[in-house]
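One-letter residues, chain by chain:
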Amino acid sequence: MSRARLTYTICYVLMLLALVAFPFILKATRDVTPQTQWNEFHPWFGPAPQQLQAEEWNHETDSRTGVIFTFYATEEWKAKHIRAFGLADKNRNTSPLPLHWEKQLHPFQPRLTAHPKLMITHDAASGFYVQDMTLAQLVDGRTLLAFHHRWDNEFGRRDLVLPAYEGDPGADMPLWLSGLCIVVGIAFLLLVPLGFLLLFPRFDLTSKRHMVYWFLTAALFPILLLISTCTCTGEVAAVAAAIFWSIILVPLQLAGAGMLLPIVMMIACRKDTPAE
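Residues numbered from 1 in each chain as written. Predicted model: local features only at pLDDT ≥ 70, side-chain atom pairs only at ≥ 80, totals over all residues. Heavy atoms only, no water.

**Let's talk about the side chain of Asp132**
Along the chain, Asp132 falls in strand S5 (residues 127-137). At a separation of 2.8 Å, a polar atom in the side chain of Asp132 contacts the side chain of His148. Among all residues touching Asp132, those that are not within four sequence positions of it are Trp57, His59, Arg64, Asn93, Thr94, Ser95, Ala146, Phe147 and His148. (Helix = DSSP H or I, 4+ residues; strand = E, 2+ residues; numbered from the N terminus. Polar contact = N/O pair within 3.5 Å; in protein donor to acceptor, adjacent residues only side chain to side chain. Contact = heavy atoms within 4.5 Å.)

**So, the pattern of salt bridges**
Evaluation of the coordinates by the stated rule reveals three salt bridges. Here Glu75 makes a salt bridge to Lys78, at a shortest N to O gap of 3.1 Å. With a gap of three residues between them, Glu75 and Lys78 both fall in helix H4 (residues 75-85), about one helical turn apart. Overall, the relative accessible area of 12% leaves Lys78 in the buried class. Of the charged contacts, one joins Arg142 and Asp140 as a salt bridge, the two residues approaching to 2.8 Å between their closest N and O atoms. (Salt bridge = Lys/Arg side-chain N within 4 Å of Asp/Glu carboxyl O. Buried < 20%, exposed > 50% of the residue type's maximum accessible area, 1.4 Å probe, protein only.)

**Some thoughts on the nonpolar core**
With 22 residues, the main nonpolar core has Phe41, Phe45, Phe69, Met119, Met133, Leu145 and Phe147 as its most contacted residues. Contributing elements (two or more residues each) for this core: helix H3 (42-45), strand S2 (65-71), H4, S5 and strand S6 (143-152). For this core, the leading source of residues is S5, giving four residues. Beyond its immediate chain neighbours, meaning those up to four positions away, Phe45 contacts Trp38, Trp77, His81, Phe85, Met119, Met133, Leu145, Phe147 and Tyr165. (Core = buried A, V, L, I, M, F, W, Y, C linked by side-chain atoms within 4.5 Å.)

**Description of the confidence of the model for the chain**
On average, residues of the chain carry a pLDDT of 83, and 83% of them reach 70 or more. By mean pLDDT, helix H8 (residues 235-268) is the weakest element of the chain at 77, and strand S3 (residues 112-113) is the strongest at 95. In this model residues 272-276 is a low-confidence stretch, pLDDT under 50, and it forms 11 contacts with partners more than four residues away in sequence or in other chains. (pLDDT = per-residue confidence, 0-100.)

This is the structure we're talking about:
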């Protein structure tokens, strides 16, 4: 193998490792506070209340994740959300709260629960599927709001909860982080599939067939991702994704593949001679 290809292979593997690690590093460095957790559900619950606290609520038997919020709620807020989510003092087969929270519930106040709901977004394309929703009063006067949630877009016959508040007060992503996410996206969509072709020693872009493979791979990779995305999204989201991917992203992929050709030719066209 030529020294150029050996160096390239090492760099390609390091790039893949960096792309795999990026989401985990981003999540680890994210400042997760009770307010940022609440802001994820701002369209349905409104502005973050005072003295808000949050705790993860993992399900004991499956992979469902949830959250337990505690805060001081007004009677107006409680009445509004009791109506919106159909909360009532009935047995809805909701999961029991963690034991330390069960002990803090007010003994003379009802525990309100709701059937599973889909809190749909403003564009009505998807939303949070919430289960085990529980609203209760604690002995110290605070309100407890707990539920398991997952992002979903299968409407079916599920009860829908429309967003009641406009906007999202979440902090804007820093400019440098936005730029880094764009670079990571380009690397994933363009460099990963095209770089894979260069791992084959005989792929040297000296024939028309190789050129066809080069541009075809750049165009087909996002289309394959589109197909896989459409299998798990709703109809509205699938149409929007199809328009974006086919009209905008594929031409950009082809343009990017053309811009990379001069650099790639310097690596691919070298003979595979042993490194000194």
